[in-house]
Amino acid sequence: KQALVLCRAPTIEALWSRAMDDNKREFFRVNDHAYVRIKYVPRNHVKQIAKEVYYGTGLEGIVLANRKVLESIAGLKARDSQLSFALEAMNEKMDEILSIAQGGSAEKTKAQPINFSIGGCRFYTNEAYSLNEAIDITIRFSDQEEIRALALVRNISKVDDNAFGEYEMAVQFRAISKANASVVEKHVMARQQEELRARAEAKQNG
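Residues numbered from 1 in each chain as written. Predicted model: local features only at pLDDT ≥ 70, side-chain atom pairs only at ≥ 80, totals over all residues. Heavy atoms only, no water.

Participant: If you had to explain the pattern of salt bridges to someone new, which residues and values would you point to?
Facilitator: Enumeration over the complete set of coordinates arrives at seven salt bridges. A salt bridge links Lys 158 to Glu 166; its shortest N-O distance comes to 3.4 Å. For Glu 166, a relative accessible area of 38% corresponds to the partly exposed category. (Salt bridge = Lys/Arg side-chain N within 4 Å of Asp/Glu carboxyl O. Buried < 20%, exposed > 50% of the residue type's maximum accessible area, 1.4 Å probe, protein only.)

Structure, rendered in structure tokens:
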């Protein structure tokens, strides 16, 4: 039986080590735009949610159907805007069903700037969380790929005149499936390559 590790997620540590070997430390954290959905996890539910997230169990049928809808939307946006709009409405309905099925209230942000790495992310929220509180976080990237993780709040600060939220919050991933960790790794590497390419072109043009 595969062991569940909360304090040290082996998948994350392995990916972190490999990324650090292949990439310079200064390029490790990257920026993108993404939708973020967060929900507070009570202390007595942490192990249950961590297991569900780590092994990808629970509500997998709904999650799979939701992913298929997202893939269809991404493929149709350029060809059929009306059908794409209909699918987006359907996806919103599925998100609401998923939220109800998982229980509790959740905050869902609009597309916003997000700074992330293989180990965690920083984003904006209207909810004030305390340090070390556990949250169930879902991140949907601009290409419609989506990941879910159990995370701990590591930093939160009030921000003024920000269109994306009243607080800037940094979280550390503590449980994530191998498949979702691979998605994060792929996005990190892609953004790093773009940044390196842009810097190289700037040097050439300068």
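Participant: So what's going on with the pairing of strand E7 (residues 167–176)? Which residues, and what values?
Facilitator: The element E7 is largely enclosed, with a buried count of eight among its 10 residues. Pairing of strand E6 (residues 146–158) with E7 involves nine bridges; the strand directions are antiparallel. The partner of Ser 157 across the bridge, within E7, is Glu 168. (Helix = DSSP H or I, 4+ residues; strand = E, 2+ residues; numbered from the N terminus. Pairing = 2+ DSSP bridges.)

Participant: Mind laying out unusual backbone geometry, listing which residues take part and the relevant values?
Facilitator: In the Ramachandran plot, Asn 132 falls in the positive-phi region, its phi being about 70° despite a non-glycine side chain. Relative to the assigned elements, Asn 132 resides in the loop between strand E4 (120–125) and strand E5 (134–141). Accessibility expressed as a relative area gives 49% for Asn 132, which makes it partly exposed.

Participant: Can you tell me about the nonpolar core, naming the residues and giving the values?
Facilitator: Membership of the largest hydrophobic core comes to 28 residues, with the highest contact counts inside it found for Cys 121, Phe 123, Ile 135, Ile 137, Ile 139 and Val 171. At the level of elements, strand E1 (30–40), strand E3 (112–117), E4, E5, E6, E7 and helix H5 (178–205) are the ones that each hand at least two residues to this core. If one sorts the elements of this core by residue count, H5 sits on top with five residues. When neighbours within four sequence positions are excluded, Ile 137 is seen to be in contact with Val 36, Arg 37, Ile 38, Cys 121, Phe 123, Ile 147, Arg 148, Ala 149, Ala 151, Val 171 and Phe 173. If you look at the next biggest cluster of nonpolar residues, it comprises eight residues, including Ile 49, Val 53, Leu 150 and Ala 175. (Core = buried A, V, L, I, M, F, W, Y, C linked by side-chain atoms within 4.5 Å. Contact = heavy atoms within 4.5 Å.)

Participant: So what's going on with H5? Which residues, and what values?
Facilitator: Compared with an ideal rise of 1.5 Å per residue, which puts 28 residues at 40 Å, H5 spans 41 Å between its outermost C-alpha atoms and is within 8% of the ideal. Listed in full, the buried residues belonging to H5 are Asn 180, Ala 181, Val 183, Val 184, Glu 185, His 187, Val 188, Met 189, Arg 191 and Gln 192. (Expected span 1.5 Å × (residues − 1).)

Participant: Talk me through helix H2 (residues 46–55); I want residue IDs and the actual numbers.
Facilitator: Considered for burial, the residues of H2 that qualify are Val 46, Ile 49, Ala 50, Glu 52, Val 53 and Tyr 54. Looking one or two residues past H2, Gly 56 carries a phi angle of roughly 70°, positive in sign.

Participant: So what's going on with the pairing of E4? Which residues, and what values?
Facilitator: Across the six residues of E4, five count as buried, placing the element largely inside the fold. Turn length for the E3-E4 hairpin, with the two strands adjacent in sequence and antiparallel, is two residues.

Shape descriptors only; they carry no functional weight alone.
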